[in-house]
Every structure is written in C-alpha cells, then in structure tokens.
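Secondary and tertiary structure notes
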Amino acid sequence: MTDDQPSRPAHVPLAGVIGMPIAHSRSPRLHGHWLQRCGIAGHYIPMPVMPEHLTEALRALPRLGFVGVNVTIPHKEAVLTLADSVTDRAALIGAANTLIFRPDGKIHADNTDGYGFIANLRQNAPDWQTDAGPAAVIGAGGAARAVVASLLDSGVKEVRITNRTRIRSEQIKAEFGARLVVYDWAQAGNMLDGAATVVNATSLGMEGKQPLRLPLDALSPDALVTDLVYTPLMTPFLADAQARGCRVVDGLGMLLHQAAPGFERWFGRRPEVDDDLRRAVLE
Ligand code: ATR
C-alpha cells in the first residue's frame, strides 16, 4: 500500500460532522439514534475544524477510518473546491453538506438539503401538490438556494423569491433561470398572492432573533406554509399562518430527512424518519 492509497479499517465505520462551532449540532444525536436502532457498530462524531485546517482534515479523515462526513458552517462552500467529484445539485446550489470518502480515498460531495426539504413536505403533508401553484421563498442564503433547486426539480412551475438584500435573490434568478420571479423585500406580502407553497428560508423566527412578520392578507388558507427554522418548532410565522387556516409543516423534518442519504451511503442501511427519531433529536 502506498501513501496515496489510504487504508480503511474494515471493522468499525466512522462518520461525523465538521464545522465551527459544532457543539450545538444535533446530527450526532440523530445518527447515534439510527446507529443504535439499526444495530450498527459505528460511530458519528462532532469535529470542530477551523477553516485553515479544512484541507488537512479532509486528507486525514479517510485514513483514520472515516467513510464520510457531514459539513456545516463555515465549510459548506469550501469543500466543493476540495472534493474530487461534486453532484450537479451541489454545484448548482454552490454548497455541499454530505461527503462520501471512497475506498480509493477520493472525496465525493453532495447536497441533500433540498431532498430533505421535499421529503419533509411529502411526509407531513402527503397531499401537497407541486402543480398546485407558485411557491414563495423568503430568503436567499445557502438554505434558500437548496430549497429553490428542489422546488424547481420537483416540477413547481414558478418560484417567487424575496430577500432583505435584493442582489442575492437577483443572483439566484440569474443562476436558476426564468422560472424565478424576484420580489422586492418591501413587497414581500404581495408575493403570497396565489402562492400554493410558502417557505421561510431566513433565520428570522429562530430563538433569540426577531420573528418574521409579513402582511399575510394575500395568503390563501389553502397554502402550505413551512419554515426552515426549527427552534422553536412553531415559529411566530408558522403560528400566524396557522391562525389564517393554512396547513403548516415545521422545519425539524428537513433536518432529519437530509441526514438519511448520508447515513445510507456510509453505513449501508436506509434509516427511518419517524416520531422516535424526532423525540431523540428533541431531547
Ligand atoms: P443559510 O445558509 O442558513 O441560508 P445565510 O446564507 O446567512 O444562511 O442566509 C440567512 C438568510 O436570512 C438570508 O436570506 C438573510 O438575508 P440577507 O441576505 O439580507 O442577509 C436572512 N436574514 C437574516 N437576518 C435577517 C434579518 N434581520 N432580516 C431579514 N432577513 C434576514
């Protein structure tokens, strides 16, 4: 064996999450629950990695027996340039959250956030239809990009987008194409008119932050409203939408579902996203 071909200990597969800070990540609890449920003798470890150590860490982890890692802030963009292969969706979104270390040491990067977003809606609002009407996305950060990509991919014909910093939504339209319609932040309430799906992809509403407050007069009670914020589960925005009669889906399911493809690739079993898992992650 040469230095370029890392050995992989065959017995206990290791995975984890790299980021900074990492102490509050719920991923170890999530994957730990699945490992236990599936009876897999593996480990999932939170690892604080500074940006200046990212390259070194990615070189070392496969050699230490890691089969892959999740990636979180601030490394989601940088890992794309370090990976040997990148899925189309990760390239389009401009960020990866899941890395697979191949037996030959090559790193494959994917983004499962959009998958998690759609899977959460399908599980918790089974009659949700992608052709029911336009979607309205509030926010234009990394999470919003994944949501927009997945909505377009699922067949939603028009995706409206608004953001405090308008240039970021213009940039998404420039990259994602003609099915995007940009609304000014001051006109965000108008964007809800006729929308069948409404998504808060900003961090507003998170514990300790201001709530997201939009004029909801134009929001139809037939719309499905969801929030990527899951602390608290019932954000002020979801509570307002529910008070108008809308179906609401909280954001925790997206976190749970985005983790499933990585677990399956690393540990060889497709895990269940169920109430037990929700409870384990919320504990
Ligand atoms: P993420 O990757 O989680 O999406 P991000 O790229 O930092 O994180 O994006 C955060 C989103 O929340 C952005 O849409 C941001 O708006 P700006 O692009 O204008 O910064 C939005 N956001 C955060 N704080 C906000 C606030 N106080 N008011 C309005 N939007 C806010």
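Report follows, based on the coordinates. Bear in mind that the values here come from a model prediction, so they are computed numbers and not experimental data. (Residues numbered from 1 in each chain as written. Predicted model: local features only at pLDDT ≥ 70, side-chain atom pairs only at ≥ 80, totals over all residues. Heavy atoms only, no water.)

Here the focus is the packing of helix 1 (residues 27–38) against helix 10 (residues 252–267). Interhelical geometry of helix 1 versus helix 10 gives an angle of 50° and a closest axis separation of 10 Å. With respect to helix 10, the axis of helix 1 lies oblique. Crossing of helix 1 over helix 10 shows right-handed handedness. Across the interface between the two elements, L30, H31, W34, L35 and C38 from helix 1 touch L255, L256, A259, A260, F263, W266 and F267 from helix 10. Its residues assigned to classes, the contact of helix 1 with helix 10 comprises 11 nonpolar, 1 polar and no charged. (Axes fitted to C-alpha atoms, helices over the stretch in contact; angles between N-to-C directions. Helix = DSSP H or I, 4+ residues; strand = E, 2+ residues; numbered from the N terminus. Parallel < 35°, antiparallel > 145°, perpendicular 65-115°, else oblique. Left-handed = near helix turned anticlockwise from the far one by under 90°. Contact = heavy atoms within 4.5 Å. Nonpolar A, V, L, I, M, F, W, Y, C, P; charged D, E, K, R; others polar.)

The subject of this paragraph is the pattern of salt bridges. If you walk through the whole model with that rule in mind, you get 13 salt bridges. In this structure, R37 engages D276 in a salt bridge whose closest nitrogen and oxygen atoms are separated by 3.1 Å. In this pair, R37 is assigned in helix 1 and D276 in helix 11 (residues 275–282), connecting sequence segments 239 residues apart. Residue R37 is classed as partly exposed on the basis of its relative accessible area, which comes to 45%. Overall, D276 belongs to the partly exposed group, its relative accessible area being 34%. Through salt bridges with shared partners, a single network forms among R37, D274, D276 and R279. (Salt bridge = Lys/Arg side-chain N within 4 Å of Asp/Glu carboxyl O. Buried < 20%, exposed > 50% of the residue type's maximum accessible area, 1.4 Å probe, protein only.)

On to the nonpolar core, then. Ranked by size, the top nonpolar core spans 30 residues in total, and within it F117, V137, V148, L151, V159 and L180 carry the most contacts. Taken together, the elements giving at least two residues each to this core come down to helix 5 (113–124), strand 7 (135–138), helix 6 (142–153), strand 8 (159–162), helix 7 (166–176) and strand 9 (180–183). Per element, the largest residue contribution to this core is 7 residues, and it comes from helix 6. A15, V17, F263 and V281 belong to the second largest nonpolar core, which has 22 residues in total. (Core = buried A, V, L, I, M, F, W, Y, C linked by side-chain atoms within 4.5 Å.)

On to the packing of helix 10 against helix 11. Two numbers describe a pair of packed helices, the interaxial angle and the distance between the axes. Between helix 10 and helix 11, the shortest axis-to-axis distance is 11 Å and the interhelical angle comes to 105°. Classified by the interaxial angle, the pair formed by helix 10 and helix 11 is roughly perpendicular. Residues L252, G253, L255 and L256 of helix 10 touch helix 11, and the partners they reach there are L277, R278, V281 and L282. Looking at the contact of helix 10 with helix 11, its residues break down into 6 nonpolar, 1 polar and 1 charged.

With 12 residues, helix 5 extends 17 Å between its outermost C-alpha atoms, agreeing within 8% with the 16 Å of an ideal straight helix rising 1.5 Å per residue. Taken residue by residue, helix 5 has D113, G114, G116, F117, I118, A119, N120 and L121 as its buried positions. (Expected span 1.5 Å × (residues − 1).)

Moving on: the sheet that holds strand 9. Across the sheet, 6 strands lie side by side as 9-8-7-10-11-12; this open sheet has parallel pairing. At either margin of the open sheet sits one strand with a lone partner, and together these are strand 9 and strand 12 (247–249). Strand-to-strand, the axes of this sheet are offset by a mean angle of 20°, without reference to chain direction. Two strands pair when backbone bridges link them, and strand 10 (residues 197–200) and strand 11 (residues 224–227) are joined in this way by 4 bridges, in the parallel orientation. Bridging from a neighbouring strand, V198 pairs with V225 of strand 11. Of the strands in this sheet, strand 7, strand 8, strand 9 and strand 10 are in contact with helix 6, which crosses strand 7 at around 170°. Here helix 9 (residues 236–243) sits on the sheet in contact with strand 7, strand 10, strand 11 and strand 12, set at roughly 170° to strand 11. (Pairing = 2+ DSSP bridges.)

Turning to the site of the ligand, a few remarks are in order. Taken together, the neighbourhood of the ligand is formed by 14 residues, with A140, N163, R164, T165 and R168 sitting nearest. With respect to the ligand, the side chain of T165 contributes an N or O atom lying 2.5 Å from an oxygen atom. One nitrogen or oxygen atom from the side chain of R168 is found 2.8 Å from an oxygen atom belonging to the ligand. Contact with the protein chains removes 71% of the 650 Å² of surface that the ligand exposes when unbound. Partitioned by chemical class, the residues of the shell around the ligand number 4 nonpolar, 7 polar and 3 charged. (Near = heavy atom within 4 Å. Polar contact = N/O pair within 3.5 Å; in protein donor to acceptor, adjacent residues only side chain to side chain. Areas by Shrake-Rupley, 256 points an atom, 1.4 Å probe, with all protein chains shown as cover.)

The side chains of a regular strand alternate, residue by residue, between the two faces of the sheet. The two faces of strand 5 (residues 98–101) match: T98 and I100 on one face and L99 and F101 on the other face are all buried. Taken together, the 3 bridges between strand 3 (residues 66–71) and strand 5 define a ladder with antiparallel strand orientation. Bridge pairing in strand 5 links N70 to T98. Here 4 bridges tie strand 5 to strand 6 (residues 107–110), and the two strands are oriented antiparallel to one another. Its bridge partner lying in strand 6, I100 is registered against H108.

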